[in-house]
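A look at the structure
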Amino acid sequence: MISKGKLAQIHIAKAQLGLTDEDYRAILARTAGVTSAKELTNRTVGGVMYEFRRLGFEPKPAKKAGRKAPRPPRTRQNVMSKIEAMLTHAERPWAYADSMAKRMFDVERVDWLDDDQLHRLMTALIIDAKRQGRYPDDLK
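Below is a summary of the structure that appears in this document. Computed from a predicted structure; not experimentally measured.

Conventions used here
Residues numbered from 1 in each chain as written. Predicted model: local features only at pLDDT ≥ 70, side-chain atom pairs only at ≥ 80, totals over all residues. Heavy atoms only, no water. Helix = DSSP H or I, 4+ residues; strand = E, 2+ residues; numbered from the N terminus. Expected span 1.5 Å × (residues − 1). Buried < 20%, exposed > 50% of the residue type's maximum accessible area, 1.4 Å probe, protein only. Contact = heavy atoms within 4.5 Å. Polar contact = N/O pair within 3.5 Å; in protein donor to acceptor, adjacent residues only side chain to side chain. Axes fitted to C-alpha atoms, helices over the stretch in contact; angles between N-to-C directions. Parallel < 35°, antiparallel > 145°, perpendicular 65-115°, else oblique. Left-handed = near helix turned anticlockwise from the far one by under 90°. Nonpolar A, V, L, I, M, F, W, Y, C, P; charged D, E, K, R; others polar. Phe/Tyr/Trp six-rings, centres within 6.5 Å; stacked < 30°, edge-to-face > 60°. Lys NZ or Arg CZ within 6 Å of the ring centre and 35° of its normal. Salt bridge = Lys/Arg side-chain N within 4 Å of Asp/Glu carboxyl O. Core = buried A, V, L, I, M, F, W, Y, C linked by side-chain atoms within 4.5 Å.

1. Comments concerning helix α6 (residues 115–132)
With 18 residues, α6 extends 26 Å between its outermost C-alpha atoms, agreeing within 8% with the 26 Å of an ideal straight helix rising 1.5 Å per residue. Taken as a whole, α6 has its buried residues at Gln-117, Leu-118, Leu-121, Met-122, Leu-125, Ile-126, Asp-128 and Ala-129. Buried-residue contacts for α6 involve α4 (76–89) and α5 (94–105). At the N-terminal end of α6, a side-chain oxygen is found 3.2 Å from the backbone nitrogen of Asp-116, two or three residues along, and the residue is Asp-114.

Dropping the structure here:
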């Protein structure tokens, strides 16, 4: 017995080629010696698929096939804008973020943080907002 995916591919080929039930079963009988696609085995399914391709079937890759494109990295300006929005929403001054930078990284100002530190500061502000019940519903 073949997998559900292969069985579905056979039925998609049948529909794409516009085969009648008689023609479809004739192809199955001629190429694999069966009358139903459920009777196919892993050995015989290849011959059926080859015949469908010969008749013009072009399998399309699944929509999920392949890797997803990686998300573009956040730019420094995007992260700074997010930090500013979170501070504004929490009604906290920039001095609060500067003090977090000093505590977390021993750096005097947020402006002097490198990209990784800036991202970690933003993550800390998100965690704080979740604890205070301001995230994610209020920040959209």
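2. Describing the packing of helix α2 (residues 21–32) against helix α3 (residues 45–54)
Close contact between α2 and α3 brings their axes to 9 Å; oriented N to C, the two are set at 125°. What the angle tells us is that α2 and α3 run oblique. For the pair α2 and α3, the sense of crossing is right-handed. Of the residues in α3, those in contact with Tyr-24, Ile-27, Leu-28, Arg-30, Thr-31 and Ala-32 of α2 are Gly-47, Val-48, Glu-51 and Phe-52. In terms of residue class, the contact of α2 with α3 is made up of six nonpolar, two polar and two charged.

3. Description of the packing of aromatic side chains
On inspection of all chains with the given rule, the structure shows zero aromatic pairs. Stacked on the ring of Tyr-96, the Lys or Arg Arg-92 has its end atom at 4.4 Å from the ring centre.

4. Some words on the environment of Thr-41
Checked against the element boundaries, Thr-41 lands in the loop between α2 and α3. Exposure remark for Thr-41: the relative accessible area of 34% places this residue in the partly exposed category. Sequence separation of Thr-41 and Met-122 is 81 residues, and the distance between their C-alpha atoms is 55 Å. When neighbours within four sequence positions are excluded, Thr-41 is seen to be in contact with Met-1 and Ile-2.

5. Digging into the pattern of salt bridges
This model, assessed by the stated rule, comprises ten salt bridges. Residue Arg-76 pairs with Asp-115 through a salt bridge whose shortest N-O separation is 3.2 Å. Taken together, the residues Arg-76 in helix α4 and Asp-115 in helix α6 connect sequence positions 39 residues apart. The class for Arg-76 is partly exposed, based on a relative accessible area of 31%.

6. Examining unusual backbone geometry
In this model, Glu-91 sits at a positive phi of 55°, which is unusual for a non-glycine residue. For Glu-91, the position within the fold is in the loop between α4 and α5. Phi at Asp-106 takes a positive value of approximately 60°, unusual for a residue other than glycine. Turning to its location among the elements, Asp-106 is positioned in the loop between α5 and α6. By relative accessible area, which is 58% here, Asp-106 ends up exposed.

7. Brief notes about the nonpolar core
Core analysis: the largest hydrophobic core is formed by 18 residues, its most contacted members being Ile-83, Val-110, Leu-113, Leu-118, Leu-121 and Leu-125. Those elements that provide at least two residues to this core are α4, α5 and α6. If you tally residues by element for this core, the top one is α6, at six residues. Grouped together as the second largest cluster of nonpolar side chains are 17 residues, Ile-2, Ile-10, Ala-13 and Met-49 included.

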